[in-house]
Amino acid sequence: MSTYKTGLEYAVQQDLCDELSKYREQFHIPKDENGKNWLYFTGNSLGLQPKSAKTYIDQELKDWANLGVRGHIEATNPWITYHEFLTDSMAKIVGAKPIEVVIMNTLTTNLHLLMVSFYKPTKSKFKIVIESDAFPSDRYAVESQLKFHGFNAEDGVILWKPREGEELLRIEDLETILNKQGDEIALLLIGGVNYYTGQYIDLKKLATLGHAKGCMVGIDLAHGAGNIEPNLHDSKVDFAAWCTYKYLNSGPGSLAGLFVHEKHAFNKDLKRFAGWWNHNKETRFNMRQPFDVMAGAEGWQLSNPPILSMAAIKASLDMFNEVGMGAIRKKSIKLTGYFEYLINKLDNNSIKIITPKNPEERGCQLSIQVKDADKSLHQRLTEVHIITDWREPDVIRCAPVPLYNTFEDVYRMVEKLKEILNE
Ligand SMILES: Cc1ncc(COP(=O)(O)O)c(C=O)c1O
């Protein structure tokens, strides 16, 4: 039984006793022309800027100005090891061991580099399972991997689809696919939290099912990192990648995360692409050495990384480290539950939430399906500075983010939604 209540008073009261409320002050909240805060519900697309990001970036600019190349060793946070300063916090956020995680490149690039190692097709076992509504970049990536290995993308991609008349995926349908075609499937590449519906798939079940049929299991965790607690290590998935610019608030186009399960950490026989940054760091600067790959996730890096982007990531991860994912998730479940409660109270048949009702099967995003794909609802929300995003064909995605959204934001958003729906 929900204990939520309607009315502004309830929302204000919840904010007053929210232990995370002080973190909102640590973000820049975009404002309208009258200086009034936008109601920002798109942390699922681009997280807001932590005020500390500037300080962290300024530090590196200062060291670069004062030290030039010597900053690699002598900067306050030496650049040569800068990525290592991010590893422990990142590992905690996704439930991994430090050896399993590194920050590098961008999401789609990382998925490709991981498929170089973990997509090992043979003539008879070469197919890749993705969600029917996988993010387009993932679909293009797997199609291009199939082609790269000489297969036809049309034969090689198997779609895990919701049943007729349903929106969400059922794990038993994946099981059926694997029972029927498991001998032909080399890889499952699945969105841990689906970008469109917000459905969070049980990663442990996914890995168990895939491994039972001898498939590798990889996860696109773009909508999961910093949102849910995916426990990547315990789930036993083989690999994962995610961007940091959504729930991890690291800035547009910022670097991505990569996870390789510990069971693969010391396997030097895995095929992979190489550069000087995945070569043994003890001998990297001896030059003229034969390639000697590093253990763990660091063994997938190629290049020395962009420090200014890493500085913004560090600013955000330091905040996550201070708060802890447990507290973030706890508030998130409550805040999104409240959002769902208020929307359901509207009892308006022009909109329908398609995200799972069970909090264990979703993160903070609710996907609101709009009747007749009427985009004007999203336009009207935007006009009154309620920032959500529209995803074709018919969904408005809204994510109340526990670090900076309030119960009052949610209350005001739904009040406006009611007004617009009644116009
Ligand atoms: C689920 C998912 N996968 C992949 C991508 C592509 O990310 P990138 O452009 O950082 O490679 C996105 C971007 O929003 C995404 O949401």
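Residues numbered from 1 in each chain as written. Predicted model: local features only at pLDDT ≥ 70, side-chain atom pairs only at ≥ 80, totals over all residues. Heavy atoms only, no water.

J.: When you look at the overall build of the protein chain in this model, what are you seeing that I'm missing?
T.: When its secondary structure is counted, the protein chain shows 14 helices and 13 strands. In terms of C-alpha radius of gyration, the protein chain reaches 22 Å, essentially the compact-globule figure of 22 Å for 423 residues. For the protein chain, the spread of C-alpha atoms along the principal axes amounts to about 70 × 60 × 35 Å. When burial is assessed residue by residue, the protein chain has 55% of its 423 residues classed as buried. Within the protein chain, counting contacts between residues at least 6 apart in sequence, those at least 24 apart form 70% of the total. Carbon and sulfur atoms make up 51% of the accessible area of the protein chain, which totals about 19100 Å². Looking at charge distribution, the protein chain has the averaged site of its 50 positive side-chain charges lying 2 Å from that of its 55 negative ones. (Helix = DSSP H or I, 4+ residues; strand = E, 2+ residues; numbered from the N terminus. Rg over C-alpha atoms; globule rule 2.2 N^0.38 Å. Buried < 20%, exposed > 50% of the residue type's maximum accessible area, 1.4 Å probe, protein only. Contact = heavy atoms within 4.5 Å. Areas by Shrake-Rupley, 256 points an atom, 1.4 Å probe, with all protein chains shown as cover. Lys, Arg positive; Asp, Glu negative; His and termini not counted. Charge placed at Lys NZ, Arg CZ, Asp CG, Glu CD.)

J.: Before we go on, may I ask you to explain the packing of helix 5 (residues 107-118) against helix 6 (residues 136-148) in this structure?
T.: Where helix 5 contacts helix 6, the axes come no closer than 10 Å and their chain directions differ by 30°. As the angle between them shows, helix 5 and helix 6 are arranged roughly parallel. Every pair of crossing elements has a handedness; the one defined by helix 5 and helix 6 is right-handed. Contacts between helix 5 and helix 6 involve Thr108, Leu111, His112 and Met115 from the former and Ser137, Asp138, Ala141, Val142, Ser144 and Gln145 from the latter. A class-by-class count of the residues in the contact of helix 5 with helix 6 yields four nonpolar, five polar and one charged. (Axes fitted to C-alpha atoms, helices over the stretch in contact; angles between N-to-C directions. Parallel < 35°, antiparallel > 145°, perpendicular 65-115°, else oblique. Left-handed = near helix turned anticlockwise from the far one by under 90°. Nonpolar A, V, L, I, M, F, W, Y, C, P; charged D, E, K, R; others polar.)

J.: Please clarify how the environment of Cys215 should be interpreted in this entry.
T.: Mapped onto the elements of the fold, Cys215 is located in the loop between helix 9 (203-212) and strand 6 (216-220). A residue is classified by how much of its surface remains accessible, and Cys215, at 3% relative accessible area, is buried. Taking the C-alpha atoms as reference, Cys215 lies 8.7 Å from Asp183; in sequence the two are 32 residues apart. Cys215 has contacts with Lys125, Leu178, Gly182, Ile185, Ala186, Leu187, Gly210 and Asp238, leaving out every residue within four places of it along the chain.

J.: What exactly am I supposed to notice about the packing of helix 2 (residues 52-67) against helix 11 (residues 307-323) here?
T.: Packed helices, taken two at a time, are described by the angle their axes make and the gap between the axes. Between helix 2 and helix 11, whose axes approach to 8 Å, the crossing angle comes to 140°. Relative to helix 11, helix 2 is oriented oblique. Relative to helix 11, helix 2 is oriented so that their crossing is right-handed. Where helix 2 approaches helix 11, its residues Ser52, Ala53, Tyr56, Ile57, Glu60 and Leu61 are matched on the opposing element by Ile307, Leu308, Ala311, Ala312, Lys314, Ala315 and Asp318. Counted by class, the contact of helix 2 with helix 11 contains nine nonpolar, one polar and three charged residues.

J.: Any chance you could explain the site of the ligand here in plain terms?
T.: Every residue near the ligand is listed here: Leu107, Thr108, Phe135, Asp138, Asp220, Ala222, His223, Tyr245 and Lys246. A distance of 2.6 Å separates a nitrogen atom of the ligand from a polar side-chain atom of Asp220. In the complex, the protein chains occlude 80% of the 400 Å² of accessible area that the ligand would expose alone. Partitioning the shell around the ligand into residue classes produces four nonpolar, two polar and three charged. (Near = heavy atom within 4 Å. Polar contact = N/O pair within 3.5 Å; in protein donor to acceptor, adjacent residues only side chain to side chain.)

J.: What's the story with the packing of aromatic side chains in this structure? I'm lost.
T.: To describe a pair of aromatic rings, one takes the distance between the centres and the angle between the planes. A full pass over the atoms with the stated rule returns 15 aromatic pairs. Measuring from centroid to centroid gives 4.7 Å for Trp276 and Trp277, while their planes differ by 65°, and the two rings are edge-to-face. What makes Trp277 buried here is its relative accessible area of 3%. Clustering of aromatic rings is evident, with ring pairs tying together Tyr4, Tyr10, Tyr338, Tyr341 and Phe407. The ring of Trp300 has Arg272 sitting right over it, with the charged end atom 4.0 Å from the ring centre. One cation-aromatic arrangement involves Arg284 over Trp277; the distance from NZ or CZ to the ring centre is 4.0 Å. (Phe/Tyr/Trp six-rings, centres within 6.5 Å; stacked < 30°, edge-to-face > 60°. Lys NZ or Arg CZ within 6 Å of the ring centre and 35° of its normal.)

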